[in-house]
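Residue-level structure breakdown
Here is how the chains run, residue by residue.
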Amino acid sequence: MAASLTSSVIDSWKLRFRGDVIQPGDSAYNDARSVWNGMIDRRPALIIRCVGTHDVILAIQLAREFGAPVAVKAGGHNVAGNAVCDGGVVIDLTPMRWVHVDASKKTARVGAGCLLGDVDHETQRYGLAISSGVVSHTGVAGLTLGGGFGWISRKHGLSVDNLISADMVLADGSAVTVSAKENPDLFWAIRGGGGNFGVVTSFLFKCAKVGPQVFTGLVVYPIDAARDYLKFHNEYLKELPDETTVYAVVRHAPPLPFLPQNVHGRLCVVVPFVHLGSQASAKKLLKPIREFGTPYGENARMTPWVEWQSALDGLNAPGARNYWKSHYLDNIDGAGIDAILEHAQRFPTPSCEVLLAHMGGAPSRVAPAATAHAVRSPRFIMNVHTRWADAGDDTKCLNWARDIWEATRPGAHGVYVNFISNEGDERVRDAYPPAIWDRLVTIKTKYDPENFFRMNQNIPPR
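Below you will find a few notes about this structure. Keep in mind that this is a model prediction, so the values were computed, not measured.

Brief notes about the overall build of the protein chain
What the protein chain contains, in helices and strands, is 14 helices and 20 strands. Over its C-alpha trace the protein chain gives a radius of gyration of 22 Å, about what one expects of a compact globule, namely 23 Å for 462 residues. With the principal axes as the frame, the protein chain shows a C-alpha extent of 70 × 55 × 40 Å. Taking the contacts inside the protein chain whose residues are at least 6 apart along the sequence as the reference set, 74% of them involve residues at least 24 apart. In the form shown here, the protein chain has an accessible surface area of approximately 18,000 Å², with 51% of it arising from carbon and sulfur atoms. Mean positive and mean negative side-chain charge positions of the protein chain (47 and 45 charges, respectively) differ by 4 Å.

Section: the side chain of Arg321
Within the secondary structure layout, Arg321 lies in strand 17 (residues 321–329). Polar side-chain contacts of Arg321 include one of 2.8 Å to the side chain of Asp394. Those residues in contact with Arg321 that lie beyond four places of it in its chain are Asn37, Gly38, Met39, Thr386, Arg387, Trp388, Ala389, Asp390, Ala391 and Asp394.

What to know about unusual backbone geometry
A cis amide bond links Gly211 with the next residue in sequence, Pro212, at an omega value of 10 degrees. Along the chain, the position of Pro212 falls in the loop between strand 11 (208–209) and strand 12 (213–222). Unusually for a residue other than glycine, Asn451 sits at a positive phi of about 55 degrees. Looking at where Asn451 falls in the secondary structure, it is placed in the segment after helix 14 (434–447). Residue classification places Asn451 among the buried residues on the basis of a relative accessible area of 12%.

Quick notes on the sheet that holds strand 8 (residues 163–169)
Strand order across the open sheet formed by 5 strands is 5-6-10-8-9, with antiparallel pairing between neighbours. The strands lining the two open edges of the sheet, one partner per strand, are strand 5 (99–102) and strand 9 (175–179). For this sheet, the mean angle separating the axes of adjacent strands, direction not counted, is 15 degrees. As paired elements, strand 8 and strand 9 share 5 bridges and run antiparallel to each other. The partner of Asp167 across the bridge, within strand 9, is Thr177. Seen against the sheet, helix 4 (residues 116–123) touches strand 5 and strand 6 (107–111) and runs at an angle of roughly 35 degrees to strand 5.

Topic: the packing of aromatic side chains
Within this structure, the stated rule accounts for 19 aromatic pairs. When the ring of Trp324 is compared with that of Phe419, the centres are 5.1 Å apart and the planes differ by 85 degrees; the resulting orientation is edge-to-face. Taken together, the residues Trp324 in strand 17 and Phe419 in the loop between strand 20 (412–413) and helix 13 (425–429) connect sequence positions 95 residues apart. Taking relative accessible area as the criterion, Trp324 reaches 9% and is therefore assigned buried. Taken together, the ring pairs in this structure connect Trp36, Phe149, Trp324, Tyr416 and Phe419 into an aromatic cluster. Positioned over the ring face of Phe187 is Arg191, at 3.9 Å from the centre of the ring.

Examining the environment of Asp393
Structurally, Asp393 is set in the loop between strand 19 (380–388) and helix 12 (394–407). Along the primary structure Asp393 and Thr349 are separated by 44 residues, whereas in three dimensions their C-alpha atoms are 9.1 Å apart.

Concerning the pairing of strand 4 (residues 89–92)
Side-chain alternation along strand 4 places Val89 and Ile91 on one buried face and Val90 and Asp92 on a second face that is also buried. As paired elements, strand 2 (residues 46–49) and strand 4 share 4 bridges and run parallel to each other. Directly across from Ile48, in strand 4, lies its bridge partner Ile91. Summarising the sheet, strand 3 (residues 70–73) and strand 4 pair through 4 bridges and their orientation is parallel. Along strand 4, the bridge assignment pairs Lys73 with Asp92.

Some words on the side chain of Arg379
Position of Arg379 among the secondary structure elements: in the loop between strand 18 (353–358) and strand 19. Lacking a salt bridge, the buried Arg379 has Glu235 as its closest oppositely charged neighbour, with an N-O distance of 5.8 Å. Not counting chain neighbours up to four residues away, the residues in contact with Arg379 comprise Asn234, Leu237, Lys238, Leu329, Asp330, Asn331, Ala357, His358 and Met359.

Topic: the sheet that holds strand 3
Pairing is mixed in the open sheet, where 4 strands are placed in the order 1-2-4-3. Here the strands that pair on one side only, and so sit at the sheet edges, are strand 1 (21–22) and strand 3. The sheet contacts of helix 3 (residues 53–65) involve strand 2, strand 3 and strand 4, and relative to strand 4 the element is tilted by about 170 degrees.

Comments concerning the pattern of salt bridges
Applying the stated criterion to the full structure yields 22 salt bridges. Two residues, Arg97 and Asp118, come together in a salt bridge whose shortest N-O distance is 2.8 Å. One end of the pair, Arg97, is in the loop between strand 4 and strand 5; the other, Asp118, is in helix 4, and 21 residues separate them in sequence. When the shortest N-O distance is used, the salt bridge between Asp430 and Arg427 registers 2.9 Å. The class of Asp430 is partly exposed, set by a relative accessible area of 38%. A relative accessible area of 8% means that Arg427 is categorised as buried. The structure contains a network of salt bridges with shared partners spanning Lys325, Glu423, Arg427 and Asp430.

Section: the packing of helix 11 (residues 334–344) against helix 12
Helix packing geometry: the angle between the two helix axes and the distance between the axes. Between helix 11 and helix 12, whose axes approach to 9 Å, the crossing angle comes to 160 degrees. Considering the angle they form, helix 11 stands roughly antiparallel to helix 12. In this structure, the crossing between helix 11 and helix 12 has a hand that is right-handed. On helix 12, the residues that touch Ala339, Ile340 and His343 of helix 11 are Trp400, Asp403, Ile404 and Ala407. When its residues are assigned to classes, the contact of helix 11 with helix 12 shows 5 nonpolar, 1 polar and 1 charged.

Basis of the calculations
- Residues numbered from 1 in each chain as written.
- Predicted model: local features only at pLDDT ≥ 70, side-chain atom pairs only at ≥ 80, totals over all residues.
- Heavy atoms only, no water.
- Helix = DSSP H or I, 4+ residues; strand = E, 2+ residues; numbered from the N terminus.
- Rg over C-alpha atoms; globule rule 2.2 N^0.38 Å.
- Contact = heavy atoms within 4.5 Å.
- Areas by Shrake-Rupley, 256 points an atom, 1.4 Å probe, with all protein chains shown as cover.
- Lys, Arg positive; Asp, Glu negative; His and termini not counted.
- Charge placed at Lys NZ, Arg CZ, Asp CG, Glu CD.
- Polar contact = N/O pair within 3.5 Å; in protein donor to acceptor, adjacent residues only side chain to side chain.
- Buried < 20%, exposed > 50% of the residue type's maximum accessible area, 1.4 Å probe, protein only.
- Pairing = 2+ DSSP bridges.
- Axes fitted to C-alpha atoms, helices over the stretch in contact; angles between N-to-C directions.
- Phe/Tyr/Trp six-rings, centres within 6.5 Å; stacked < 30°, edge-to-face > 60°.
- Lys NZ or Arg CZ within 6 Å of the ring centre and 35° of its normal.
- Salt bridge = Lys/Arg side-chain N within 4 Å of Asp/Glu carboxyl O.
- Parallel < 35°, antiparallel > 145°, perpendicular 65-115°, else oblique.
- Left-handed = near helix turned anticlockwise from the far one by under 90°.
- Nonpolar A, V, L, I, M, F, W, Y, C, P; charged D, E, K, R; others polar.

Structure (structure tokens):
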């Protein structure tokens, strides 16, 4: 590609774009090619910052004309780093950070470059929220296309369950709208099939009434109590209503202001929770957690939704090296607990953690084949989040992550597609039941037979 795209050719194309066109040597290049995961160090030939649909169409035409590989960057938060490619064209949607809320219809139209915090900032003006993730600098696009779960999804469904329609540009450069009535096969596929089928430029979501304050908090237990607590956690969560979501995270204690200073850095179990109801009902429901044992500390109160949605941002700041290994669990059992706690004693860095995300609720009552995100029955998603700063620790950290994942495989199955690192083609298939995979391949073959969009968790055409 570099030999074909001369400076004069690039200059002539630049005149056709409303957004910026960035190439190696430009002052903005290094920032533009960076993504959340610091392990990713790729050097595209061109980065096209699109401000609208027509810029996206032109970027696809340019890439086709010169035979260039293409990556699509929205939030750039994906752990696999698929938002950037070597030697190709990055279709950068980050300028498209706009949100239009229709309070009367309880809907929000969201530009593809938006982060979750952008949407919360606008929707909370009306006491509304979209069902999304747990870190405010996550991109809406990538999260949604893979499924999208978070603190309110047990009550209000996954992001894909609340998607009304989307505008997108296909591999042939045509712009289409997808919904239950327009291009319904594509609408089905993008709700869980990732970025395999085109570039989504905007989303229309149904909003839920949330906040502006919700009851939130966390309890921090010492690691010595972890085995008993996780056994209790497994059973206790079976009784909780959809309004209540409780995670468990095994990690070193962060420097939370309500924890004694001598606890900072100790191994522990952090138990964060959200209740979408009154403070009185929350205290009653969460009392067994808060009184299970003797915690290092706790903090539970009515909290502004936007504050809670950004509470984990600091632990997930961009720039660190990250590698995830994940699978679904139907239960947190004795053998699994033992494996987690044994490997926690050997966390390779203090920033690593094992997340046990509380699933079930409303998403589990949606028919599995209703969307491409078809795995809805497991009660937990386990994510091994390995995080470190020094490239010299890569081997140690990767091996540790793979070891704990292998040790917890008995009783586990499948994987949430948004939690897949660079793990090979077969691992992508693990995210979809066979019939769902076959249907996705058929739709991919129809709309992208050349696999033009392949910088993703790829579903190859036939």
